[in-house]
Amino acid sequence: MNSRPTSFDELDRKIVTALMANARTSFAEIGAEVGLSSTAVKRRVDRLRETGVITGFTATVRPSALGWRTEAYVEVYCEGAAPPRRLAEVARGYPEITAAMTVTGGADALLHVRARDVEHFEEVLERIRAEPFIRKTISVMVLSHLIQDAPEAGASLPAPEGGAPGPAEGAAGVR
């Protein structure tokens, strides 16, 4: 991936918007929509990928179909100043953490957690709380998604079978 500056014009914006709505849309369909040939759309998409504007293509899946029936956001409060690098290492150690970010306000980080059920969530939360630099957590359970097609409403990995894997058993990356 290249980090050099790139131009991003209105046609690029329309192409990116079309791909965000449906990444399976063909270059010909996008070209017809924005007034370019499929070859010109492909060249632009290739450039947008090369420059890091487009970072990938994914499928959005209903979480319950993959075994994720419980979802929560967890505010993490650390002892002292935990570096973001250390928080990211911890987050990568839990396949149940689908997103992690440092935040402003009282909390040091916010974790998006998916679990099979409430008992699984409680187990994950206890493992997170056992990290030596974590002082406390505050959890908020998700009841429903008001915007159904938002990326947060979908799942990226199936739930682990049976017991939840520990941090050393192959983890999902932070997304």
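Please refer to the structure placed before this passage.
Residues numbered from 1 in each chain as written. Predicted model: local features only at pLDDT ≥ 70, side-chain atom pairs only at ≥ 80, totals over all residues. Heavy atoms only, no water.

1. What to know about the overall build of the protein
Phase 1: The secondary structure content of the protein amounts to five helices and four strands.
Phase 2: Relative to its full complement of 175 residues, the protein shows a buried share of 37%.
Phase 3: Excluding contacts between residues fewer than 6 apart, the proportion of contacts in the protein whose partners are at least 24 apart in sequence is 72%.
Phase 4: Entry remark: accessible area of the protein is about 10500 Å², with carbon and sulfur atoms responsible for 54%. (Helix = DSSP H or I, 4+ residues; strand = E, 2+ residues; numbered from the N terminus. Buried < 20%, exposed > 50% of the residue type's maximum accessible area, 1.4 Å probe, protein only. Contact = heavy atoms within 4.5 Å. Areas by Shrake-Rupley, 256 points an atom, 1.4 Å probe, with all protein chains shown as cover.)

2. Looking at the packing of helix α1 (residues 10–21) against helix α2 (residues 27–34)
Phase 1: In the contact formed by α1 and α2, the axes pass within 10 Å of each other and the chain directions differ by 135 degrees. Viewed along their axes, α1 and α2 adopt a mutual orientation that is oblique. α1 and α2 meet at a crossing whose hand is right-handed. Every residue of α2 that contacts α1 at Leu11, Lys14, Ile15, Ala18 and Leu19 is listed here: Ile30, Glu33 and Val34.
Phase 2: In terms of residue class, the contact of α1 with α2 is made up of six nonpolar, no polar and two charged. (Axes fitted to C-alpha atoms, helices over the stretch in contact; angles between N-to-C directions. Parallel < 35°, antiparallel > 145°, perpendicular 65-115°, else oblique. Left-handed = near helix turned anticlockwise from the far one by under 90°. Nonpolar A, V, L, I, M, F, W, Y, C, P; charged D, E, K, R; others polar.)

3. Points about the sheet that holds strand β2 (residues 97–102)
Phase 1: Strand order in the open sheet formed by four strands is β2-β3-β1-β4, with antiparallel pairing between adjacent strands. At either margin of the open sheet sits one strand with a lone partner, and together these are β2 and β4 (134–141). Geometrically, the sheet is characterised by an average inter-axis angle of 20 degrees between neighbouring strands, direction not taken into account.
Phase 2: By the bridge criterion, seven bridges tie strand β1 (residues 70–78) to strand β3 (residues 109–115) in an arrangement that is antiparallel. Residue pairing for β3: Glu71 is matched across the bridge by Arg114.
Phase 3: Contacting β1, β2, β3 and β4, helix α5 (residues 118–129) runs over the sheet at an angle of about 155 degrees to β4. (Pairing = 2+ DSSP bridges.)

4. Description of the environment of Ile97
Phase 1: Within the secondary structure layout, Ile97 lies in strand β2.
Phase 2: Assessed through its relative accessible area of 1%, Ile97 is described here as buried.
Phase 3: When the C-alpha positions of Ile97 and His112 are compared, they lie 5.7 Å apart, and in sequence the two are 15 residues distant.
Phase 4: Apart from residues no more than four positions distant in its own chain, Ile97 is found in contact with Ala91, Leu111, His112, Val113 and Ile128.

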